[in-house]
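Structural overview for review
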Amino acid sequence: MALFIHDDPVIAAFGGLVAKEFEREASGHDWWHVWRVWRLARKLAREEGADLRIVELAALGHDVEDHKLGRQPGTLAAWLRKAGAEAETVARVVDVCRRVSFRGAGVADEMPTLEGQIVQDADRLDAIGAIGIARTFAYGGSRERKLFDSAEKAQLHQSFEAYRSSRSSSLMHFYEKLFLLADRMHTPAARRLARERHAFMEAFVARFLAEWEGKA
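Given the structure is predicted, the values throughout are model-derived calculations rather than measurements. (Residues numbered from 1 in each chain as written. Predicted model: local features only at pLDDT ≥ 70, side-chain atom pairs only at ≥ 80, totals over all residues. Heavy atoms only, no water.)

What about the overall build of the protein?
Looking only at helices and strands, the protein has 10 helices and 0 strands in total. When the elements of the protein are put in sequence order from the N terminus, they spell out α-α-α-α-α-α-α-α-α-α. The C-alpha radius of gyration computed for the protein amounts to 17 Å, which stays within 12% of the reference 17 Å derived for 216 residues, consistent with globular compactness. Referenced to the eigenvectors of the C-alpha coordinate spread, the extents of the protein come out at roughly 55 × 35 × 35 Å. (Helix = DSSP H or I, 4+ residues; strand = E, 2+ residues; numbered from the N terminus. Rg over C-alpha atoms; globule rule 2.2 N^0.38 Å.)

Pasting the structure below:
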């Protein structure tokens, strides 16, 4: 079982609830994804001078009500209260988490707080680069999506509903989301990290397509 230890008893309790719930998730949204986002968000928060406690709790809880995982609204607030978080903290963390997810190429981000921007950056950094590639195909497999369909064309979705209902192949996800994320990072540190991860993905997709066509 995944363990989570922290000096702050509320963060420790909440992290433990999340670790227990997500340890068997196999769609790329498992506990270790949460842990990586939490660890990176802490680093960014210290660099940017954000409220570290809000950042940590939101990073740990950012996928609790993710639309892809099917949990009911209210779950996140209930878990935070169970862990001992006060009402103001619950409200701030829930507000960040409900704004984190990418909602389509044509849908603007609405993340007004520095704490939210940091958690969103950390989550998006874990969606790109080598781990992002692995997570993309893990999620696609969990949803019975094709690796690639050469007849497909990328759809730059103009609404969350269009994005959520899309059944594109795993490779098309790079064009519809992942290649867009580097330019949507908020913090300077995240933008620096994103550049290298973006270049790695570009090289991977070029190689994938070359092998698909038998050219490599």
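Let's pick the thread back up.
So, the nonpolar core
Residues Phe14, Val18, Trp31, Leu60, Leu80, Ile128 and Phe174 are the most contacted members of the largest nonpolar core, which totals 61 residues. Element by element, the count of residues in this core is highest for helix 2 (residues 31-48), at 8 residues. (Core = buried A, V, L, I, M, F, W, Y, C linked by side-chain atoms within 4.5 Å. Buried < 20%, exposed > 50% of the residue type's maximum accessible area, 1.4 Å probe, protein only.)

Notes on the side chain of Arg36
Within the secondary structure, Arg36 sits in helix 2. Judged by its relative accessible area of 19%, Arg36 is buried. Excluding residues that lie within four positions of it along the chain, Arg36 makes contacts with Asp126, Ile131 and Arg135. (Contact = heavy atoms within 4.5 Å.)

Notes on the packing of aromatic side chains
Taken as a whole and assessed by the stated rule, the structure comprises 15 aromatic pairs. Residues Phe102 and Tyr163 carry aromatic rings whose centres are separated by 5.2 Å and whose planes lie at 75° to one another, so their mutual orientation is edge-to-face. Of this pair, Phe102 sits in the loop between helix 5 (87-99) and helix 6 (114-125) while Tyr163 is found in helix 8 (residues 160-164), placing the two residues 61 residues apart along the sequence. Across the pair, Tyr163 and Phe102 agree in class, each one buried. Centre to centre, the rings of Phe137 and Phe208 are 6.3 Å apart; their planes meet at 20°, and the pair counts as stacked. One end of the pair, Phe137, is in helix 7 (residues 129-142); the other, Phe208, is in helix 10 (residues 188-212), with 71 residues separating them in the sequence. In textbook terms, an aromatic cluster arises when at least three aromatic residues are bridged by ring pairs, as seen for Phe137, Phe148, Phe174, Tyr175, Phe179, Phe204, Phe208 and Trp212. Over the aromatic face of Phe160 sits the side chain of Arg103, whose NZ or CZ is 4.4 Å from the ring centroid. (Phe/Tyr/Trp six-rings, centres within 6.5 Å; stacked < 30°, edge-to-face > 60°. Lys NZ or Arg CZ within 6 Å of the ring centre and 35° of its normal.)

A few points about helix 10
In a regular helix each residue adds 1.5 Å, so 25 residues correspond to 36 Å; helix 10 covers 36 Å between its end C-alpha atoms and thus fits that length. Of the positions making up helix 10, those classed as buried are Ala189, Ala190, Ala194, His198, Met201, Val205 and Phe208. Looking at the packing, one finds that the buried side of helix 10 touches helix 2, helix 6, helix 7 and helix 9 (172-176). The positive-phi residue at the C-terminal boundary of helix 10 is Gly214, with phi of around 70°. (Expected span 1.5 Å × (residues − 1).)

A word on the packing of helix 1 (residues 9-22) against helix 4 (residues 75-83)
Across the interface, helix 1 lies against helix 4 with an axial gap of 8 Å and an inter-helix angle of 135°. Classed by the angle they form, the pair helix 1 and helix 4 counts as oblique. The way helix 1 lies across helix 4 gives a crossing that is right-handed. Counting all contacts with helix 1, which are made through Pro9, Val10, Ala13, Phe14, Leu17, Val18, Glu21 and Phe22, the residues of helix 4 involved are Leu76, Trp79, Leu80, Lys82 and Ala83. Of the residues belonging to the contact of helix 1 with helix 4, the class tally is 11 nonpolar, no polar and 2 charged. (Axes fitted to C-alpha atoms, helices over the stretch in contact; angles between N-to-C directions. Parallel < 35°, antiparallel > 145°, perpendicular 65-115°, else oblique. Left-handed = near helix turned anticlockwise from the far one by under 90°. Nonpolar A, V, L, I, M, F, W, Y, C, P; charged D, E, K, R; others polar.)

None of the figures reported here should be taken as evidence of function without further support.
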